[in-house]
Amino acid sequence: MTNLPVIKEEDFKALITQIPPKDTDSIDEVERILATSTIKRDDLGALRFLLKKYAGATGSASFEDTPVKAVTICCADHGVAKENVSAYPPETTLHMVANYLISHGAAANVFADFTGAHLCVADLGINSEKAKELPGLIDFHIASGTNNSSQGPAMTREQAIKSLYYGYSLAKQLHQQQGITIFLPGEMGISNTTSSAAITAALLEESPANTTGRGTNISDERFKTKLATVEKILAVNQPDANDPIDVLAKVGGFELGAIAGLMLGAAASHSLTILDGFNSSAAALIALRLAPVLNDYLVPSHKAGEHGQHLILKELDFTPMMDLNIKLGEAIGSSLVADILDASIRAYKNIQKNTAAKELMADTIEKDVIPNIAITLTDKTFDYYTRSMPDLDKEAMERCQMRLDNLSKPIYSLGVIEQIAAQLSGITSNELPNDISKTMLFIGMKKEAALDKDQAAFIHSFTTQTGAEAIAAYLTGERTQMDAFEFGRLQGENISLGSQIMGLSLIDNDTALIDAMANMLCDTQGNLKLQPGTFMTQLPGEMQLIASAVLGAIIAATHNRTMIILGDRAVTALASYAAQLVPEIQPFLLPIEPPLYHMAVKIPGITACIGMRLADAAIHMVNDMKTFSEAQVATANDGPGAGRQI
């Protein structure tokens, strides 16, 4: 791929002016098709945004072909690494590239596999001749790392243009040769968050104090060095905020220029790019200043650990869909969003099928109606559960945490995903939780009308993706709270005998009723409105039955050591009330929205299914990533990873 002609700046700028605007006809067609569905417009939340973005980028509303995805890792060294701004030595860049291509043990490998994406790794400026020996490495080598930007420009203007053009060409070739329509950019280059902090400060005209973060989780002392270095970079180079190429050349990196070019090439190829963390966002800032139309081809994913990224997303008017405390730029958050888009496209196709097909999808959800048997529960029943709740297996969790800390990544950089892996290890008493079976439980009132077929089409798409069975447990109005509790308890008991994860959601054709229950229980931030000891008495009759069944399912499943993934605001609030009454259940709960996702999807069960996929990702991560020693990658020499990573 290095046999590209040298391109002049004016020719490159002319090239990117040819990026077409979004296809509004396709977007309108998606809106029209969704409007024919029985699902309320607002109930789709961010799924509607994703579908429209993909249609506008690709110029098609039919989505006939399954999206083809590429995790594209651009790699280069930075001269500014000499200033000791990272917790890892410069040779880690080469080590990690070998990890991608030989050991296959990095986060990029795991998350590309998780979302079914190709993994492409490109050398833009690795400072080692050994890079040429790595199998499968795409050769776009510009130079052996940038210059030390704290002493002068990181690269020449010509090199900056070359990095942009190489990234542009890479996207075009991947689209033409492999049919890629979704790009998930990532990067590897020790000290690149220092460059991104300088880029962000320059282009947004912000103080370095507002754009500089801890990167690879560096110590307080090294953070002071990093901040002073970013300040020096900007003072020495005086980059022109009105000239993004000048900013890239003076304070950037080859791989950051390539990612910016990749986004431009993707847009020129009618393909979508899903942003990941800080570095890809800084690259997007450069690309957008060159071609503002690019905004129509970008989708945000998560709120990264670096504050500079938050400023960029605000500048782009993007709201992140996830807040998982991820601090690693290997297309992790973007892979999770791509996975959601896949399921959304399948659901979008499902709602266009005929009634018979949708009835078959509805039939995949097992239905169970509360029996006409009165139940009398005694205090002994409650005492049995509430006084014999299990503890998490701390030893398994400690062993799991040791492995997590030694996986080939900066320590603690996968945030909530690591926490879920440790939580599952404690629940299953297995330091490497694997082969986790899942069941999605819906609880609602039995209605004369059958389950809404378009809801069923979405539920089918998302539960199929998780590999979970689906059960709808229906209550009837003549039953008592004790009957409902026992019915829910039996559901939780039965599910937990065969599943280690239970998704839990309310179900009703009218989602406004679920919203109404949530609004009685909590505010929009999830804060509880009622007193835990008396909240049940303040709910209307049917809501009391639903709440009783939900509490029964939670208590029983927790007692049998099952993780419960909470799938809507009402269920999340009910679990919070339960945890105040029985604190021992808290470690078994996984609330999704809030606090982890911000997608506002109200279709029953979808949020819980997204949470189950997050748990799947955590399982893949802890089992399939390689440790530093296994992958022969240098460990941290600073921060909390120093001495713990071996």
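For the structure, check the block above.
The structure reproduced in this document is the subject of the present report. (Residues numbered from 1 in each chain as written. Predicted model: local features only at pLDDT ≥ 70, side-chain atom pairs only at ≥ 80, totals over all residues. Heavy atoms only, no water.)

**A look at the overall build of the chain**
Keep this limit in mind: Secondary structure follows DSSP: runs of H or I at least 4 residues long count as helices, runs of E at least 2 residues long count as strands, and numbering of each begins at the N terminus. For the radius of gyration, the atom set is restricted to C-alpha positions; the globular benchmark scales as 2.2 Å times the number of residues to the power 0.38. Burial here depends on accessible area, computed with a 1.4 Å probe over protein chains only, as a share of the maximum for the residue type. Under 20% is buried, over 50% is exposed, and the range in between is partly exposed. In what follows, residue pairs with any heavy atoms lying within 4.5 Å of each other are defined as contacts. All accessible areas in this document rest on Shrake-Rupley with a 1.4 Å probe, and a residue is counted as covered only by the protein chains that are shown.
Each helix and strand counted, the chain has 25 helices and 12 strands in total. For a compact globule of 646 residues, the expected C-alpha radius of gyration is about 26 Å, and the chain comes in at 26 Å, within 12% of that figure. Along the first, second and third principal axes, the C-alpha set of the chain runs to 80 × 55 × 40 Å. Across the 646 residues of the chain, 63% fall into the buried class. Long-range pairs, those at least 24 residues apart, make up 81% of the contacts in the chain with a sequence separation of at least 6. Of the roughly 23,400 Å² that the chain leaves accessible, carbon and sulfur atoms contribute 49%.

**Quick look at the pairing of strand β1 (residues 69-76)**
The condition is simple: In this analysis, strands are considered paired if DSSP registers two or more bridges between them.
Judged by how many residues are buried, β1 sits mostly within the fold: eight of eight residues are covered. Across seven bridges, the pairing between β1 and strand β4 (residues 182-188) is parallel. Bridge pairing in β4 places V71 opposite L184. Here seven bridges tie β1 to strand β2 (residues 118-125), and the two strands are oriented parallel to one another. Note that in β2 the partner of T72 across the bridge is C120.

**Concerning the sheet that holds strand β7 (residues 365-369)**
Note the cut-off: Here an axis means a line fitted to C-alpha atoms, over the contact stretch when the element is a helix, while the angle between two N-to-C directions is reported on a 0 to 180 degree scale.
Spatial ordering of the open sheet is given by β7-β9-β8-β10-β11-β12, a layout of six strands whose pairing is parallel. In this open sheet, the two edge strands, each paired with only one partner strand, are β7 and β12 (589-591). Across this sheet, the average inter-strand angle for adjacent strands is 25 degrees, counted without regard to direction. Running at roughly 140 degrees to strand β11 (residues 563-566), helix α18 (residues 415-428) makes contact with β10 (501-506), β11 and β12 of the sheet.

**Some words on the pattern of salt bridges**
Here is the rule we go by: Definition used for salt bridges: Asp or Glu carboxyl oxygen within 4 Å of a side-chain nitrogen of Lys or Arg.
One pass over the full model with this rule turns up 26 salt bridges. The shortest N-O distance in the salt bridge between D220 and R214 comes to 2.7 Å. Assessed through its relative accessible area of 33%, R214 is described here as partly exposed. The salt bridge partner of D616 is K438, with a shortest N-O separation of 3.2 Å. Of this pair, D616 sits in helix α24 (residues 606-624) while K438 sits in strand β8 (residues 438-445); the two residues are 178 residues apart in sequence, bridging distant segments of the chain. Residue D616 is classed as buried on the basis of its relative accessible area of 10%. A cluster of three or more residues bridged by salt bridges with shared partners is formed by E9, K13, R157 and D243.

**Observations regarding the packing of helix α12 (residues 278-290) against helix α13 (residues 307-316)**
Selection criterion: In this scheme the crossing of two helices becomes right-handed for a clockwise turn of the near helix relative to the far one and left-handed for an anticlockwise turn of less than a right angle. Polar here means any residue outside two lists: the nonpolar Ala, Val, Leu, Ile, Met, Phe, Trp, Tyr, Cys and Pro, and the charged Asp, Glu, Lys and Arg; Gly therefore counts as polar.
At a minimum axis separation of 9 Å, α12 and α13 run at an interaxial angle of 35 degrees. Crossing handedness for the pair α12 and α13: left-handed. Only G308, Q309, I312, L313, E315 and L316 of α13 make contact with α12, whose side of the interface consists of F278, S281, A282, L285, L288 and R289. Considered class by class, the residues forming the contact of α12 with α13 number seven nonpolar, three polar and two charged.

**With respect to the sheet that holds β2**
The pairing of strands in a sheet comes from backbone hydrogen bonds and takes either a parallel or an antiparallel form. Spatially, β3-β2-β1-β4-β5-β6 is the arrangement adopted by the six strands of the open sheet, whose pairing is parallel. The strands lining the two open edges of the sheet, one partner per strand, are β3 (138-139) and β6 (298-299). In this sheet, strand β5 (residues 272-274) lies alongside β4 in parallel orientation, the contact comprising two bridges. The residue of β5 that forms the bridge with F183 is T273.

**Focus on unusual backbone geometry**
The step from E593 to P594 runs through a cis peptide bond, and the omega angle for that step is -20 degrees. By the secondary structure assignment, P594 is in the loop between β12 and α24. The phi dihedral of D435 falls on the positive side, at around 50 degrees, and the residue is not glycine. Secondary-structure assignment places D435 in the loop between α18 and β8. What makes D435 exposed here is its relative accessible area of 71%.

**With respect to helix α2 (residues 24-35)**
To keep it simple, the criterion reads: Given the number of residues in a helix, its expected span is that number minus one, multiplied by 1.5 Å. Along the arc lie the directions from the helix axis toward the C-beta atoms.
Counted at 1.5 Å a residue, the expected span for α2 with its 12 residues is 16 Å, and the 16 Å between its end C-alpha atoms agrees. When we look at burial in α2, the residues that qualify are S26, I27, V30, E31, I33 and L34. Buried residues in α2, looked at end-on, bunch into an arc of 165 degrees, giving them a common side. With respect to the buried face of α2, the exposed residues turned more than 90 degrees away are D25 and A35.

**Description of the packing of aromatic side chains**
Basically, it comes down to this: Only Phe, Tyr and Trp rings take part, Trp by its six-membered ring, and two of them pair if their centres are within 6.5 Å. Stacked means planes under 30 degrees apart, edge-to-face means over 60, and tilted covers everything else.
Under the counting rule described, the total for this entry stands at eight aromatic pairs. Ring centres of Y54 and F63 lie 5.5 Å apart, and the angle between their planes is 50 degrees; on these two criteria the pair is classed as tilted. Given the relative accessible area of 4%, Y54 is considered buried. Seen from their ring centres, F63 and Y348 are 4.9 Å apart, and the 50 degrees between their planes marks the pair as tilted. Of the two residues, F63 sits in the loop between α3 (46-58) and β1 while Y348 sits in helix α14 (residues 332-350), which places them 285 residues apart along the sequence. Owing to a relative accessible area of 3%, F63 belongs among the buried residues under this scheme. Note on Y348: relative accessible area 0%, which makes it buried.

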